[in-house]
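# Residue-level structure breakdown
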Amino acid sequence: MLIKFFKKKLKYKLDEYLISFHSKIDKTNINLYNTIKGENNIIGNNTKIINTILNNNIKIGNDSYLDNVEYGDFSYNSIRVSIMNCKIGKFCSIAQGVSIGLGKHPLNQFVSTHPSFYSIHKQCGFTFVDQQKFDEMGKTIIGNDVWIGANAIIADDVKIGNGAVVAANSFVNIDVPDYAIVGGTPAKILKYRFSTEEINFLLKLKWWEKDISWLQNNKDLMLDIKLLMDKYNGDY
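Now for a description of the structure that goes with this document. (Residues numbered from 1 in each chain as written. Predicted model: local features only at pLDDT ≥ 70, side-chain atom pairs only at ≥ 80, totals over all residues. Heavy atoms only, no water.)

In this fold, T47 is placed in strand β4 (residues 47-50). Within polar-contact distance, the side chain of T47 engages the backbone oxygen of G44 at 3.1 Å. When residues no more than four places from it in sequence are discounted, the contact partners of T47 are N29, I30, N31, I60, G61, N62, D63 and S64. (Helix = DSSP H or I, 4+ residues; strand = E, 2+ residues; numbered from the N terminus. Polar contact = N/O pair within 3.5 Å; in protein donor to acceptor, adjacent residues only side chain to side chain. Contact = heavy atoms within 4.5 Å.)

This next bit is on the pattern of salt bridges. For the structure shown, the criterion picks out three salt bridges. Its salt-bridge partner being D157, residue K104 comes within 3.1 Å of it at the nearest N-O pair. Here K104, found in the loop between β11 (99-100) and β12 (140-142), pairs with D157, found in the loop between β14 (153-154) and β15 (159-160); they are 53 residues apart in sequence, far enough to count as distant. According to the relative accessible area criterion, K104 is partly exposed, its value standing at 26%. The exposure class of D157 is partly exposed, given its relative accessible area of 46%. (Salt bridge = Lys/Arg side-chain N within 4 Å of Asp/Glu carboxyl O. Buried < 20%, exposed > 50% of the residue type's maximum accessible area, 1.4 Å probe, protein only.)

To continue, consider the environment of I83. Its place among the elements puts I83 in strand β9 (residues 82-88). Exposure remark for I83: the relative accessible area of 0% places this residue in the buried category. In sequence terms I83 and V98 are 15 residues apart; their C-alpha atoms lie 8.1 Å from each other. Setting aside residues no more than four positions away along its own chain, I83 makes contact with Y65, L66, D67, V69, Y71, N77, I88, I94 and I100.

In terms of nonpolar packing, the biggest core is built from 31 residues, with Y71, I83 and I148 touching the most fellow members. For this core, the elements supplying multiple residues, two or more each, are β7 (65-71), β9 and β18 (180-183). (Core = buried A, V, L, I, M, F, W, Y, C linked by side-chain atoms within 4.5 Å.)

Spatially, eight strands are ordered β3-β6-β8-β10-β13-β16-β18-β19 in an open sheet, and the strand pairing comes out mixed. Since the sheet does not close on itself, it has two edges, and those belong to β3 (42-43) and β19 (188-192), each with one partner. (Pairing = 2+ DSSP bridges.)

So, on to the pairing of β18. Note: strand β16 (residues 165-166) against β18, two bridges, orientation parallel. What sits directly across from V165, in β18, is I181. The sheet contact formed by β18 and β19 spans four bridges and is antiparallel. Residue pairing across strands places A180 opposite Y192, the latter belonging to β19. Connecting the antiparallel pair β18 and β19 is a turn made up of four residues, with G184 showing a positive phi of about 105 degrees.

The following block contains the structure:
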């Protein structure tokens, strides 16, 4: 009886250890396919990255999925982010739960929105067609120094300008101008971060294209647009 009890307890502990072990393996699962990595990149756990270019000093948060993405220097995304068919500039900040480039379904002329009638990719495991009948994926362009808030959705074929901000929980299906702050579903322009003069100055300066030494020497001026303009206005 006692031997039976200890055997049962030992089996329980062994099963518990194996479950814990495999969970750790799953949590550190990183899949990279046809991906180019630069220097000083950090890739989180449970990520899948396909056909992507990661430049330098980039961080990809846990539980993220990237497919056909080009990531500029010093940009990062937080956890649970999905990005497809997108070019992202430098110094971009992408919060948790953001989705960019989700794909499209036909809304007009096509009788059904179901991909089995127009797609060869067999989303449900089956298709009626042997040729692609509809362009399902667009290309999303995100400029430099863009901040995208938590759980925002950016639709296909949208261009987000330099310095723009997308508020949390927004759905963006139109282009966003440089330095605009947008929010809502669908997103609308709420305000601009700077005056027209200041925006024109920043677009000419293109500080995100400066080298590391310039950024290091001017880091204090990056805290105040007026101080930066005082020093560099007319001298780009």
